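# Reading the structure
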Amino acid sequence: MTDKETRTNPVSFPGMITKAAQLENQEINEAELRAINKHTLSPLTADDVFTFKAVLCDNEIDRQSERFTVKALEDLKKLFIGKTVIKDHSWSANDQVARIYATELVMSEKTNKSGEPCAQLVAYCYMVKTASNADLIAEIKGGIKKEGSVGFRASSVICSICGTDNAKSYCRHFPGKSYEKEGGPQQCVFTLASVSDAYEFSLVAVPAQKSAGVRKSYTGETVEAPATEPENTSNVAEKHEDKDTQTRVRLMETHAKNNINTMKNYQED
Ligand SMILES: [Zn+2]
């Protein structure tokens, strides 16, 4: 698509959603090698390749107060097969370091906060061992490079407060903010119900993600949340809630790197 050709450093562009991903080491076997060789011009041997897997996303409510449906994860599962893995969001050919040769939706017996079975989208990636990527392979093996970022476009984004599909037109609500509803204040969550395009899976030092309740960008147009709520919906408790939420987001970002083992344990259960 032309967007990819004209944008050289798409850390974020209007309409693109980014999410943090976690990398793990993986052993290669014959079945993996057969799957990899479907993507190569000449067959590779186990000695030629290094593979790793990555949890791209799951169906838990995340730090942006967004959640995927299983349907959206299934869309991504199809869209990410064969996609190149890049470095630092760079779409330059030199920074294409790996390729996704298989994807899998891993369902768990555990349930998420919404009471649905936990689902994780896992991508299996291979790299051809070369002198130029020896450092990167060592970093992934050593657990130094263990974070990534996925970029995609959602075709249906449903607001939990009013039901508007924000992929088509924006409502006045922002995910992560609290709004007065019948029965008390309610935290707004946006459900990513379907996905139309997968742009990138990038290895990054620090995953770039927007903060909850700050802005939204689903249609191609980006809108900022108003600094203060209109008179009739604003109250002291809500302002405190916002401050608490932002503090929590910051804390969670600080601790995100330490959570990779938790993700891994969950995966192995
Ligand atoms: Zn809404």
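As shown above, the structure is provided for reference.
How each quantity is defined
- Residues numbered from 1 in each chain as written.
- Predicted model: local features only at pLDDT ≥ 70, side-chain atom pairs only at ≥ 80, totals over all residues.
- Helix = DSSP H or I, 4+ residues; strand = E, 2+ residues; numbered from the N terminus.
- Buried ≥ 20, exposed ≤ 12 C-beta atoms within 10 Å, placed from the backbone.
- Contact = placed C-beta atoms within 7 Å.
- Pairing = 2+ DSSP bridges.

Helix and strand counts for the chain stand at six helices and 12 strands. Each of the 269 residues in the chain was classed as buried or not, and the buried ones make up 31%. Restricting to contacts in the chain with at least 6 residues of sequence separation, those with at least 24 account for 72%.

Tracing the backbone through its elements, the reader meets A227 in the loop between strand 12 (222–224) and helix 5 (236–255). A C-alpha to C-alpha distance of 8.8 Å links A227 and V214, two positions 13 residues apart in sequence.

Moving on, we get to unusual backbone geometry. The residue S65 is not glycine, and still its phi comes out positive at about 60°. As for its position among the elements, S65 is in the loop between strand 2 (49–58) and strand 3 (66–68). Its 20 C-beta neighbours within 10 Å are what place S65 among the buried residues. Of note, H89 is a non-glycine position whose phi angle comes to about 60°, a positive value. Residue placement: H89 occurs in the loop between strand 4 (84–87) and strand 5 (96–111).

What follows is about the pairing of strand 9 (residues 184–187). In terms of strand pairing, strand 8 (residues 178–181) meets strand 9 through four bridges, oriented antiparallel. Within strand 9, the residue paired with S178 across the bridge is Q187. Between the end of strand 8 and the start of strand 9, which pair antiparallel, lie two residues, with G183 showing a positive phi angle near 95°.

On to the environment of A212. Within the secondary structure, A212 sits in the loop between strand 10 (190–203) and strand 11 (215–217). The buried category is assigned to A212, around which 25 C-beta atoms lie within 10 Å.

Function cannot be read off these values alone, since they describe shape.
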